[in-house]
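Chain residues, written in single-letter form:
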Amino acid sequence: MKIINKLIVSCLFIVLLSGCSPKFLNEKRVHNTLKVALPKIATLDPIYSDETNEILISSFLYRTLTELEEGYAKSGLASYELGDNAKSVTFTINEEALFNNGDPVTSADVKASLTRVVDPKLQSPGAMLLSDIKGYAEAKAGKNFSGIKIINEKVFKVSFVRSRSDFPLIVANPFFGIISKKSITKDRKLLAPTVSSGSFQIDSQDLNKDGTLKDAVKFLGTDEFEVNEVLFTFTKNEEEAVKLFNNKKVDVTSLAQSSDLPKASSKKGITPSIKTVFYGFNVRNTLLQNPNLRKAILLAINKKDILEKSYGNDGSISNSILPDNTFGFDYICPDKCEFSIEKAKDYLNKANVDLNTLVVPIDVDDSQVQRIISQEIKSNLAAIGIKSEIRETNFDGLLSKIANYETGLFRFGWIMDGASPAASLERLFDSQSQENVTGFADSATNEHIEVSLASDQKKLIENQIKFAQKAVADAAIILPIANLNIRFGVRNTITNFELDINGKLDVDKLSYV
């Protein structure tokens, strides 16, 4: 999953929240169908929406409490107000916020939607983003999520164990698409068809066949969309989807490599970079507690070669956990974290380790691209005299090893696609977080994060991005590798195909030439 200097960030609800009254479908309106081809997805449940194609479909089906505009949280289904030094946030649901069956969105629907995200039986990757809400542990155990208090049908308050000024940013993530409580079973699974809050409704939730999304605009307080039907064709693999696009059978498809898309048959086909590939150091591993050894490893990695061999031209070198131009800020990592064999050897000498017995474990999942990356890292380390061992397991096995601090240098870029800068950094640097996976503990770091979380959004974002750069160079707890593009082939008859930093599509802006 090249950085674009200015991220295209959208707010889905500028029109929705402008005070217009609900409109019914205009029978004279032109019937426009958007045809999309995607490799088969695993789920339509928003709590698992962490892959590009799943997020694209979720954009049509689910709305979130907030949306992103130029990197900051704006009103979505609800407006919000921070209180108690950012230790609480009160949301007021818009009066015109309706589900696609015409029911109003209520506080109870929101609480039910957020509660199921933290259910350990469902294993949503978004659960950790809610870990600072009071009652998180009890909610995971199946009890009441006490930190989400319903005031009335349209107002609810979320309380935290510490300041969380970034929470409005977090709930713009696709994981937190709002679903009607009528569609949630007692064991928190979804009924089909699901009553959802998006602009479209699906005619079938059978992922073994192609799907049709029907415009639900007649239930929403919005102007008419130019696109009122979406036909999804699910293919066996990406190559088949690209073939359909090249043969002009569909309007949109996703691409892993930009070279797959002939320029003559598309618009730009490029969307914001929203994925950062990086590895983490488990500092509870005795070998990796030596900061000079970690810095030697960091400097020994030839990111340019790794990027070319694993992702082709579909990304740029990364020197931070966060994309270099995230939210419009552009802070360049010092030369302390750039590839240099000479500097790597200098730090290795300072580390004063026995190279005859030192073997650095490299823990990865069994995907093809991670095999390429891990082999390159192994080769890079050998170039400065460090022996290493690649330990490959499946995805769930790697997650388990990370959670139990059984890793060495480990692949960890896919689960932290950053609902906010702070949420990303906590998992690596904040010893007070339940989700810290590196074992790193530093009082100055903890204090920095605490102060930032009590700041306003702009200051928080700017401070955290600066800190992310500094943390790489000074602490060497992470090994950044690449920023990746999420690319879509988009037919030149389609305009305003815009994604936000989370990868969500601004459905309301889609139009035809």
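Residues numbered from 1 in each chain as written. Predicted model: local features only at pLDDT ≥ 70, side-chain atom pairs only at ≥ 80, totals over all residues. Heavy atoms only, no water.

Observations concerning the overall build of the protein
Rules: Numbering goes from the N terminus for both helices and strands, where a helix is a DSSP run of H or I of at least four residues and a strand is a run of E of at least two. Surface accessibility follows the Shrake-Rupley procedure with a 1.4 Å probe radius. Residue values consider only the protein chains on display as shielding.
Scanning the protein from N- to C-terminus turns up 13 helices and 19 strands. Accessible surface for the protein amounts to roughly 20600 Å². Of this, 49% is attributable to carbon and sulfur atoms.

Topic: the pairing of strand 4 (residues 78-83)
A regular strand carries its side chains on alternate faces of the sheet. Put simply, the rule reads: One bridge is not enough; two strands pair if DSSP finds at least two bridges between them.
Relative to strand 5 (residues 88-93), strand 4 runs antiparallel, the two sharing 6 bridges. Looking at the pairing, Y80 lines up with F91 of strand 5. Between strand 4 and strand 5, which pair antiparallel one after the other, the connecting turn spans 4 residues, and D84 there sits at a positive phi close to 55 degrees.

Thoughts on the sheet that holds strand 5
The condition that has to hold: Orientation is described by lines fitted to C-alpha atoms, with helices fitted over the stretch in contact, and by angles between N-to-C directions that extend from 0 to 180 degrees.
The strand order across the open sheet built from 4 strands is 4-5-7-6, with neighbouring strands paired in antiparallel fashion. With partners counted over all chains shown, the strands left at the sheet margins are strand 4 and strand 6 (148-150), one partner each. Strand-to-strand twist across the sheet, computed as the mean angle between neighbouring axes with direction ignored, equals 20 degrees. In terms of strand pairing, strand 5 meets strand 7 (residues 155-159) through 5 bridges, oriented antiparallel. The partner of S88 across the bridge, within strand 7, is S159.

What to know about the nonpolar core
Convention followed: Residue types Ala, Val, Leu, Ile, Met, Phe, Trp, Tyr and Cys, when buried and joined through side-chain atoms within 4.5 Å, form a set referred to as a nonpolar core. Exposed residues in this analysis have more than 50% of their type's maximum accessible area, buried residues have under 20%, and partly exposed residues fall in between, with area computed by a 1.4 Å probe over protein chains only. Residues count as neighbours in contact if any of their non-hydrogen atoms are within 4.5 Å of one another.
In this structure, Y279, I297, I377, I386, L409 and F429 are the most contacted members of the largest nonpolar core, which totals 67 residues. No other element matches helix 13 (residues 457-475), which puts 8 residues into this core. Look past the residues within four positions of I386 in its chain and what remains in contact with it is L293, I297, L348, L355, L358, V360 and L381. By size, the runner-up hydrophobic cluster in this structure holds 35 residues, among which are L77, V117, Y136 and A423.

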